[in-house]
Amino acid sequence: MIPELSNPSVCMRDPQRVQEILQSMVKAGSNTVQVISDFDMTLTRFAYNGKRCPTCHNILDNSKLISEECKEKLKELLNTYYPIEIDSSRSIEEKLPLMVEWWTKAHELLVQQKIRKDMLAMVVRESDAMLREGYQLFFDHLYEHSIPLLIFSAGIGDILEEVIRQAGVFHPNVKVFSNYMDFDDSGVLTAFKGELIHIYNKREGALLNTGHFQELRTRPNVLLMGDSLGDLTMADGVQDMENILKIGFLNDKVEERKQSYLDSYDIVLVKDETLEVPNAVLLYLTGNK
């Protein structure tokens, strides 16, 4: 067994089952593995030194590209909709239209700000965004072993890519599904492209991108990483899946959400700001025991 799985932050409903999935994946070989991960609060830190770290949207919302008036409106939206997003007493069906409403309103506000494409790198550089401790090993190891990493995010793709680019880990094996900005010829934001991806419709996002999963047909073993129950459907586009190991980061409202996470994820990491456990799993799957 992987020693890191006995870390105090690790909770498992069925350790035996986790062991079986891991053994089955090891037997199949790392060339049958793909990793599908959420970004905000999964690959990035939830908090650092007691202070919340920004999501892709926050990086933009808190930047100097956004007027004070717009910041106020975005904050009102957050205060209205975030409690709904994490409310364990509401069903996903009930939350869906409200999440669409939130994302759509937020995107409309951002478009009104005439954001310039060439300012995004600076905004990321000046932000407090941080990838989780151990990110270098995580990204580099996947790249060295040619294991595809799909980052599936309800955030903003342009910002997300900039975060991993500035961290020096945007390797060719990384593919991103997210909400991308559409700029006009003079580099000013005019809209967001394509279908909206929000926290609870990742399943549709997965099914819309069948081409990607088609290419990875020879990789039916999935390591899935997320921090919300909406992330559990990110692998729904994977064809003929053999094994899936789901690792969930439980960052916030631990007591009230713990049971639903244990019921849904194979491994639940409670208030863990590192990638230590996913890294240990990857090293195990690639034979670096």
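Residues numbered from 1 in each chain as written. Predicted model: local features only at pLDDT ≥ 70, side-chain atom pairs only at ≥ 80, totals over all residues. Heavy atoms only, no water.

J.: Could you give an account of the sheet that holds strand β2 (residues 33–37), naming the residues involved and the relevant values?
T.: Read from one edge of the open sheet, seven strands run β1-β11-β10-β9-β2-β5-β6, paired in mixed fashion. The outermost strands of the open sheet, each flanked by one partner alone, are β1 (10–11) and β6 (174–179). Pairing geometry for strand β9 (residues 221–226) and strand β10 (residues 243–250), over six bridges, is parallel. When the bridges of β10 are listed, Val222 appears paired with Ile244. Packed on one face of the sheet, helix α7 (residues 157–166) meets β5 (149–156) and β6 and runs near 130 degrees to β5. (Pairing = 2+ DSSP bridges. Helix = DSSP H or I, 4+ residues; strand = E, 2+ residues; numbered from the N terminus. Contact = heavy atoms within 4.5 Å. Axes fitted to C-alpha atoms, helices over the stretch in contact; angles between N-to-C directions.)

J.: Which residues make up the packing of aromatic side chains, and what are the values?
T.: The relative placement of two aromatic rings is captured by the distance of their centres and the angle of their planes. Under the definition given, this model contains six aromatic pairs. With a centroid separation of 5.9 Å and an interplanar angle of 10 degrees, the aromatic rings of Tyr81 and Trp102 are classed as stacked. Residue Tyr81 is found in helix α3 (residues 68–85), and its partner Trp102 is found in helix α4 (residues 92–112); the two are separated by 21 residues along the sequence. Here Tyr81 and Trp102 have matching classes, each one buried. Look at Trp102 and Trp103: their rings are 4.9 Å apart centre to centre, the planes differ by 75 degrees, and that puts the pair in the edge-to-face class. Side by side, Trp102 and Trp103 carry an identical accessibility label, which is buried. (Phe/Tyr/Trp six-rings, centres within 6.5 Å; stacked < 30°, edge-to-face > 60°. Buried < 20%, exposed > 50% of the residue type's maximum accessible area, 1.4 Å probe, protein only.)

J.: Provide a residue-level description of the side chain of Arg257, including the pertinent values.
T.: Tracing the sequence through the fold places Arg257 in helix α10 (residues 254–264). Look at Arg257: it is buried, it has no salt bridge, and the nearest opposite charge is Asp252 at 5.2 Å. (Lys, Arg positive; Asp, Glu negative; His and termini not counted. Salt bridge = Lys/Arg side-chain N within 4 Å of Asp/Glu carboxyl O.)

J.: Please set out the layout of surface pockets residue by residue, giving values where relevant.
T.: Rolling a probe over the atoms, with the probe sized like a water molecule, indicates the empty space that remains. The space that makes up the second largest pocket amounts to roughly 200 Å³. Around the second largest pocket sit 14 residues that line it, and Glu195, Ile197, Gly205, Leu208 and Asn209 are the ones nearest its centre. When contributions to the lining of the second largest pocket are tallied by element, the ones reaching two or more residues are β6 and α8 (202–208). When grouped by side-chain class, the residues that make up the lining of the second largest pocket number six nonpolar, five polar and three charged. (1 Å grid on protein atoms, 1.4 Å probe; cavity = no way out; pocket = protein on both sides within 12 Å on 5 of 7 lines; lining within 4 Å. Points joined across faces, edges and corners; volume = space filled by probe spheres on them. Nonpolar A, V, L, I, M, F, W, Y, C, P; charged D, E, K, R; others polar.)

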